[in-house]
Amino acid sequence: MKVLIRGAGVAGLTLAHELATRGADVTVVEARMEIAGNASWQAGGMLAPWCERESAEEAVLTLGRGSADWWDAALPGHVLRNGTLVLAPARDTGELTRFGRRTSGFRQLDQGEIAALEPALAGRLGRGLFFAEEAHLDPRKALLALGDKLLRMGARLEFGCGAVSATSEIEVDCTGIADSCPELRGVRGEMLVLRTREISLARPVRLLHPRIPVYVVPRSECLFMVGATMIECNAAGPITVRSTMELLSAAYALHRAFGEAELVEAGVGVRPAFADNLPRVEREGKNIRINGLYRHGFLLAPAMARQTADMILGHPAAKEFALEAHR
C-alpha cells in the first residue's frame, strides 16, 4: 500500500510511523524546508489526559490515555512519567477546587507534600493536585527523532514541496490550519522559553488563575517552556506584549527565580480546531483528512494515527469511523 501524507507535524509523522510499522510504503511531503516552525514545534508536549478533561470532552481522556505508552514504544527514553502538578495562589484556591471537580485521577497535596515532589516550590503554595499517571516529552526532540526513525524504516520525507503523487493509493492531509476545510478555525497559542539555573522542576506545573491559567514545562539544559494563551485568531504574527507580560508574570508568581531568567524564545502557533474542539478523520475516496487536534496534538495524535492506519489497511472496525467525527 502506497500512502502519501501531506504535513510533517505531529499528526503526519505519527501516522507515517504507524503505517510504516505495519509495512506500508510511506512518503511524507512538507511545504516547509524542515521539521520546525509549525504548531507542533511550539507545543508543550504534555501527555495529560486527566488534566485536559477539565475543559475538554470525555473523548479526550478516552483517546489520550494510551498516548504515553505509544510515544514510549515509538521513541524509548523520550517520555518522562513524572506526573503533573496543579497549583493555585492562595487567592485562587477556588480555582483548584473547581479544577478538581471537573477531573479525576489525582490526589490532593498539602504544602509538605508539594515540597517533597518539587523542593524548589517549598513554602510557596499551600495546596495542590497531583496527577501521578500523566507524562510529558520534549516535542521538538520527539519530532526530530520520529523523522530520523522514519528514514531508517524506509519511509521518504520530502521538504519544500506539497505535491500530490499520481502513484499513491491513499493521500492523507495532515496540514493543520493550512487545510482549506471551511469548518476549521484557528486558535492562537503563544509561548515563551526561559533559561535559569536557579530552579529545577521534575514535571509540568499548571498554575491556575481565573483569567490566564498557564503551564511551565521543564526541558533539558535549564530550559522551561511557559505557555500558552488560547486566542480565537488565525493570525500567526509575533507574540503580543500583553501575552508576554502575562506569561512572565505567571512564571514569576510560581517562582521568583524566573524574574532573573533569560528569555530565550517567544513563539506562536496556530492550532486547528473544529467547533467542538475534537479531532476528525474524514474520507472521500482515496483522500483522507486528519485535523482538528486543537491543543491536544501530542496527546491525541497516536490514537488518531492508529485509527487512520486501521482504516487505510482495511481493519473492519475502521469503516464506520471513516463516516463521522469521533466523539
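In this text the structure is predicted, and so the values were computed from the model without any measurement. (Residues numbered from 1 in each chain as written. Predicted model: local features only at pLDDT ≥ 70, side-chain atom pairs only at ≥ 80, totals over all residues. Heavy atoms only, no water.)

**Quick look at the overall build of the chain**
- Helices and strands together make up the secondary structure of the chain, namely ten helices and 17 strands.
- Whereas a compact globule of 327 residues would reach a radius of gyration of roughly 20 Å, the chain reaches 20 Å, a difference of no more than 12%.
- Over its C-alpha atoms, taken along the principal directions, the chain stretches across nearly 60 × 35 × 35 Å.
- With 327 residues in all, the chain has 57% of them scored as buried.
- Put simply, of all contacts in the chain between residues at least 6 apart along the chain, 77% involve residues at least 24 apart.
- For the chain, the computed accessible surface area is about 14200 Å², with 50% contributed by carbon and sulfur atoms.
- Averaged over its 38 positive side-chain charges, the chain has a centre that lies 2 Å from the centre of its 39 negative ones. (Helix = DSSP H or I, 4+ residues; strand = E, 2+ residues; numbered from the N terminus. Rg over C-alpha atoms; globule rule 2.2 N^0.38 Å. Buried < 20%, exposed > 50% of the residue type's maximum accessible area, 1.4 Å probe, protein only. Contact = heavy atoms within 4.5 Å. Areas by Shrake-Rupley, 256 points an atom, 1.4 Å probe, with all protein chains shown as cover. Lys, Arg positive; Asp, Glu negative; His and termini not counted. Charge placed at Lys NZ, Arg CZ, Asp CG, Glu CD.)

**Thoughts on the nonpolar core**
- One finds Ile5, Trp71 and Val172 to be the most contacted residues of the largest nonpolar core, which totals 55 residues.
- Of all the elements, helix H9 (residues 297-312) adds the most residues to this core, at ten residues.
- Ignoring any residue separated from it by four or fewer positions in sequence, one finds isoleucine 5 in contact with Gly12, Leu15, Ala16, Leu19, Val26, Thr27, Val28, Val29, Val172 and Cys174.
- Leu87, Leu117, Ile212 and Phe224 belong to the second-largest nonpolar core, a separate cluster that totals 28 residues. (Core = buried A, V, L, I, M, F, W, Y, C linked by side-chain atoms within 4.5 Å.)

**Comments concerning the packing of helix H1 (residues 10-21) against H9**
- Put simply, H1 and H9 touch, their axes get as near as 8 Å, and they point 45 degrees apart. What the angle tells us is that H1 and H9 run oblique. Here H1 runs over H9; the crossing is right-handed. Residue-level inspection shows Val10, Ala11, Thr14, Leu15, Glu18 and Leu19 of H1 in contact with H9, the latter providing Gly297, Phe298, Ala301, Ala305, Arg306, Thr308, Ala309 and Ile312.
- Split into classes, the residues belonging to the contact of H1 with H9 amount to nine nonpolar, three polar and two charged. (Axes fitted to C-alpha atoms, helices over the stretch in contact; angles between N-to-C directions. Parallel < 35°, antiparallel > 145°, perpendicular 65-115°, else oblique. Left-handed = near helix turned anticlockwise from the far one by under 90°. Nonpolar A, V, L, I, M, F, W, Y, C, P; charged D, E, K, R; others polar.)

**Examining the side chain of asparagine 291**
- Relative to the assigned elements, asparagine 291 resides in strand S17 (residues 287-291).
- A polar contact of 3.0 Å, which involves the side chain of asparagine 291, links it to the backbone oxygen of glycine 176.
- Residues contacting asparagine 291, with those up to four places away along its chain left out, are Gly176, Asp179, Leu184, Pro272, Phe274, Pro279 and Arg280. (Polar contact = N/O pair within 3.5 Å; in protein donor to acceptor, adjacent residues only side chain to side chain.)

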